[in-house]
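# Report on the structure
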Amino acid sequence: MSTTFYSNGKLFISGEYLVLDGADAFALPTKFGQNLIIENAKDKSIDWKSYDYDNTLWFENTISFDEIINNTDSEIETVKTTLINILHEAYLLNPDFINNSRGYKITTNLTFPRNWGLGTSSTLINNIAQWTKINAFTLLRNSFGGSGYDIACAQNDTPILYKIENNSVQPVVFNPDFTKNIFFVYLNKKQNSKAAIHAYNKHKDQNLAKSVAENNKITNAILHSKTLKEFAKAIEKHENHLSDILEIQTIKEKAFPDFDGTIKSLGAWGGDFVMVISKDNPAAYFHSKGYETILTYEEMIL
């Protein structure tokens, strides 16, 4: 007999970086996600298998209960040590899932390619939290860190406004008739956001309250845009605002200056997916630039 848990993937539409300092974050859960299947076993260990979207096995290992309880520090970070750390933090919050068990067989299945950046870690953390009956935001904070917006998306089936203070989640309505003009393009580039976060931390204090207020104003405009033109204008304003704070070019300036439309970075600037707003289907343009993965709003968003 098995028990299955499931969590949604995420896309960060507005409020990136500034969310860490209390700004409103507008995010969308995706139709893609990850499940976690639990079966009872023995030997005081977990036989763990993780499968990618195409059913290829990308991680397999056996983890003893002792490893989870003790979480011996390892200088080399691997998938296994990261997983043990998450399970150890879960154990500290509620040891029952170890103390009251003889062992487990666990399987995870992604419904999106692992390199897409839609939340392989956040969906796992939320699923583990559901299974072990603990607070997922606390588990994230104690293991990975981060704002928590991705956990909020994992748990909600509607667009959300998220605040880091008290992990406040407000479901919102976002269903404009121009979603047919919104596309998501995969840049096939994992982004190291440390440089941008460093730049953000370096300059944020100069006008932090003003920057947060401006972000919230723009986010409100994005959320309540009545026309495609209004939406595109608010998105461009958001890009320019963050570009000034981070002191780096927008993704359109850097990579697609000749594109007839609006392009926005999602999450860590320069990596994973971008959101494209275009009157016409932009597939031909991005294919000509070597980008093959282009999803419509309907294909991507829950």
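Everything below is about the structure printed above this text.
Residues numbered from 1 in each chain as written. Predicted model: local features only at pLDDT ≥ 70, side-chain atom pairs only at ≥ 80, totals over all residues. Heavy atoms only, no water.

A separate point is the overall build of the protein. A tally of helices and strands in the protein yields twelve helices and eleven strands. The C-alpha radius of gyration computed for the protein amounts to 20 Å, which stays within 12% of the reference 19 Å derived for 302 residues, consistent with globular compactness. Across its three principal directions, the C-alpha atoms of the protein cover 60 × 40 × 35 Å. Evaluated residue by residue, the protein yields a buried proportion of 54% over its 302 residues. Long-range contacts, defined here as pairs at least 24 residues apart, represent 69% of the contacts in the protein between residues at least 6 apart. Carbon and sulfur atoms make up 47% of the accessible area of the protein, which amounts to about 14700 Å² in all. For the protein, the distance from the average site of its 29 positive side-chain charges to the average site of its 35 negative ones is 3 Å. (Helix = DSSP H or I, 4+ residues; strand = E, 2+ residues; numbered from the N terminus. Rg over C-alpha atoms; globule rule 2.2 N^0.38 Å. Buried < 20%, exposed > 50% of the residue type's maximum accessible area, 1.4 Å probe, protein only. Contact = heavy atoms within 4.5 Å. Areas by Shrake-Rupley, 256 points an atom, 1.4 Å probe, with all protein chains shown as cover. Lys, Arg positive; Asp, Glu negative; His and termini not counted. Charge placed at Lys NZ, Arg CZ, Asp CG, Glu CD.)

Let us look at the pairing of strand β5 (residues 104–110). Looking down a regular strand, the side chains alternate between one sheet face and the other. With six of its seven residues buried, β5 lies for the most part within the structure. In the sheet, strand β2 (residues 25–40) pairs with β5 via seven bridges, with the strands oriented antiparallel. Within the sheet, the bridge partner assigned to N40 lies in β5 and is Y104. (Pairing = 2+ DSSP bridges.)

Another point: the sheet that holds strand β9 (residues 262–265). Taken together, the four strands give an open sheet; going across it, the order is β9-β10-β8-β11, and neighbouring strands pair in antiparallel fashion. The sheet is open, and its two borders are formed by β9 and β11 (294–296), each paired with just one other strand. Pairs of neighbouring strands in the sheet enclose a mean axial angle of 25°, with direction left out of account. In this sheet, strand β10 (residues 273–277) lies alongside β9 in antiparallel orientation, the contact comprising four bridges. Bridging from a neighbouring strand, T262 pairs with I277 of β10. Contacts from helix α9 (residues 228–246) reach β8 (182–186), β9 and β10 within the one sheet, and its direction differs from that of β9 by about 45°. (Axes fitted to C-alpha atoms, helices over the stretch in contact; angles between N-to-C directions.)

Once that is clear, we can look at α9. Along its 19 residues, α9 runs 27 Å from first to last C-alpha, staying within 8% of the 27 Å computed at 1.5 Å per residue. E247 lies just past α9 and shows a positive phi near 60°. (Expected span 1.5 Å × (residues − 1).)

Further remarks concern the nonpolar core. Ranked by size, the top nonpolar core spans 39 residues in total, and within it L36, I46, W48, L87, I128 and W131 carry the most contacts. When residues no more than four places from it in sequence are discounted, the contact partners of I46 are N61, T62, I63, F65, I68, L87, Y104, I106 and W131. The next biggest cluster of nonpolar side chains, apart from the first, holds 32 residues, and it includes F178, I222, L228 and M300. (Core = buried A, V, L, I, M, F, W, Y, C linked by side-chain atoms within 4.5 Å.)

All quantities given are derived from atomic positions and should not be read as evidence of function.
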